[in-house]
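Each chain is listed here by its residues.
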Amino acid sequence: VTDKIQAPRGTFDVLGDDALARDRLVETARGILEPAGYARIETPTFESTQLFARGVGESTDVVQKEMYTFEAGEDESLTLRPEGTAPVCRAYIEHGMHKLPQPVKLWYLSSFFRRERPQKGRFRQFWQLGVEAIGSEDPAVDAETILLLSDILDAIGARGLRLRLSSLGTAESRAAYRAELVAYLRAYEDRLSREVRERIDLNPLRAFDSDHPGTREVMAGAPVLLDFLSDDDHEHFETVKALLDTAGVVYEVDPTLVRGLDYYTRTVFEYTSDALGAQSGVGGGGRYDGLLEEIGGAPAPGMGWAAGVERMLLSAPAQPVAPAPLDLYVAYAKPEYREAAFKLAADARRAGHAARLELGGRSLKGQLKQADRSGARYVAILGDEGTSLKDMESGEQKTVEPDTVMHHIRGVAL
Ligand code: HAM
């Protein structure tokens, strides 16, 4: 026997009610994002590896160990996208979107790939809903994008939510802070976990993420970046907070908030849900005012977020899924009526009805049972006695002229 072929580890199929729940989530999001002026964007599933190495950052876990990278010819290295911000910025540059009215506001729903250890809510292929607003540093952009995610999470009924907010300042204030933090970590080096110790110079901020007890103790007294912000950055952050207050968005300022990607400047935020377990991050994002330049474009500021579709669904109670309404089920008594039945179902669909044709080779009795199970409003039965139409609501059945079926069911057109 050959081994059964299964979906690769960390991937999943989307079936049945799950597919409907996803559709509904996307429609809810679309209904919030598009009226606010966000237009849909799609980018390729794979990109040049350089885009992520430079955009997301060489020192991040994503680039160091989680990318699916493959060689494509002589010196071309490609990578399945681990995230969407760098690709959207690449597209902004490539299509000269700086010539459009700024900011350019985009949203996406795409699958992403990270070679992580699979667990509940963590997959190797997962979906993100995201927005990017590129070309304005107005703090209202920050507040607006955060508010949109807040409204989407509200609309889907996500539970146990917590919004943490911070500001990373500009590259300069971060450099000053970084030097201070590295000095602090060095002073307490012997109390830190080995992993944190080895990364003091590479990524000292990650020390805030550690769950190693000694490291946590040390970090409780560590200098925080918020105290190092320039006046401009400080004012920017204060305005973002004031706007969120105005909109009634509840948040906690958390100076230790660390995001796993390197491109952030100024505002960063993250939504978690305690309905999720260990992988509690529902969605997050922030400002990336240096990213476009980093990947070879003219300097332009940007702000955005992405939320995991699977995690959004896990955080919300399952909604009852209503079966799709069915106007007409076309049944037939003998194979010789298949053609007429096929035509009737086709005509009904073209006339705007939800219509299904018997395709399973069932007996007439089986077909009627199937029609009932499908919740059909009418069943047309083609047989030796002509065409009869059964109203499944009243139970009434009458013989009709075949070409008047549409006339009879017209009242139920969607
Ligand atoms: P991220 O925090 O890496 O940010 O991912 C955003 C969301 O994607 C997470 O909060 C989580 O819900 C979901 N997610 C991430 N990894 C996985 C996984 N392995 N399995 C399931 N869900 C996952 C970004 O990707 C940034 N591009 C967000 C952004 C947009 N920042 C600015 N603009």
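To be clear, the structure that these remarks concern was listed above.
Summary of the structure given here. (Residues numbered from 1 in each chain as written. Predicted model: local features only at pLDDT ≥ 70, side-chain atom pairs only at ≥ 80, totals over all residues. Heavy atoms only, no water.)

1. A short note on helix H5 (residues 139–156)
Between its terminal C-alpha atoms H5 stretches 26 Å, which fits the 26 Å expected from 18 residues at 1.5 Å a residue. Those residues of H5 lying buried are Pro139, Val141, Asp142, Ala143, Thr145, Ile146, Leu148, Leu149, Ser150, Ile152, Leu153 and Ile156. The N-terminus of H5 is capped by Asp138, whose side-chain oxygen sits 2.7 Å from the backbone nitrogen of Ala140. Just past H5, the residue Gly157 takes up positive phi, approximately 80 degrees. (Helix = DSSP H or I, 4+ residues; strand = E, 2+ residues; numbered from the N terminus. Expected span 1.5 Å × (residues − 1). Buried < 20%, exposed > 50% of the residue type's maximum accessible area, 1.4 Å probe, protein only. Polar contact = N/O pair within 3.5 Å; in protein donor to acceptor, adjacent residues only side chain to side chain.)

2. Examining unusual backbone geometry
With an omega of -5 degrees, the peptide bond between Gln102 and Pro103 qualifies as cis. Its location among the elements puts Pro103 in the loop between helix H4 (85–94) and strand E5 (104–113).

3. Section: the sheet that holds strand E8 (residues 252–253)
On the basis of which strands lie adjacent, the open sheet formed by eight strands has the order E1-E5-E6-E11-E10-E9-E7-E8 and mixed pairing. The outermost strands of the open sheet, each flanked by one partner alone, are strand E1 (39–40) and E8. Bridging between strand E10 (residues 281–287) and strand E11 (residues 302–308) involves five bridges; their strand directions are antiparallel. From the neighbouring strand, Gly284 faces E11, where its bridge partner is Ala306. Sheet contacts for H5: E5, strand E6 (125–134), strand E7 (161–167), strand E9 (265–273), E10 and E11; angle to E11, the most-contacted strand, approximately 15 degrees. (Pairing = 2+ DSSP bridges. Contact = heavy atoms within 4.5 Å. Axes fitted to C-alpha atoms, helices over the stretch in contact; angles between N-to-C directions.)

4. Notes on the pairing of E7
Along E7, five of the seven residues are buried, which leaves the element largely enclosed by surrounding structure. In the sheet, E7 pairs with E9 via seven bridges, with the strands oriented antiparallel. What sits directly across from Leu165, in E9, is Phe269. The sheet contact formed by E7 and E8 spans two bridges and is parallel. Bridging across to E8, Arg164 finds its partner in Glu252.

5. Considerations on the environment of Ala222
Mapped onto the elements, Ala222 comes out in the loop between helix H8 (213–220) and helix H9 (231–246). Judged by its relative accessible area of 10%, Ala222 falls in the buried class. Residues Ala222 and Phe208, 14 residues apart in the sequence, show an inter-C-alpha distance of 9.0 Å. For Ala222, the residues in contact, after removing those within four places along its chain, are Leu181, Tyr184 and Phe208.

6. Considerations on the pattern of salt bridges
Within this structure, the stated rule accounts for 27 salt bridges. The shortest N-O distance in the salt bridge between Asp391 and Arg377 comes to 2.6 Å. One end of the pair, Asp391, is in strand E15 (residues 386–391); the other, Arg377, is in strand E14 (residues 376–383), with 14 residues separating them in the sequence. On the accessibility criterion, Asp391 (14% relative accessible area) is buried. Three or more residues are tied together by salt bridges with common partners; here these are Asp61, Lys65, Arg199, Arg206 and Asp209. (Salt bridge = Lys/Arg side-chain N within 4 Å of Asp/Glu carboxyl O.)

7. Brief notes about the packing of H5 against H9
Contact pair H5 / H9: the axes reach a minimum separation of 8 Å and the direction vectors enclose 40 degrees. Here H5 is positioned oblique relative to H9, judged by the angle of their axes. Crossing hand, H5 versus H9: right-handed. Residue-level contacts link Pro139, Ala140, Asp142, Ala143 and Ile146 of H5 to His236, Thr239, Val240, Leu243 and Leu244 of H9. Here the residues of the contact of H5 with H9 are counted per class, giving seven nonpolar, two polar and one charged. (Parallel < 35°, antiparallel > 145°, perpendicular 65-115°, else oblique. Left-handed = near helix turned anticlockwise from the far one by under 90°. Nonpolar A, V, L, I, M, F, W, Y, C, P; charged D, E, K, R; others polar.)

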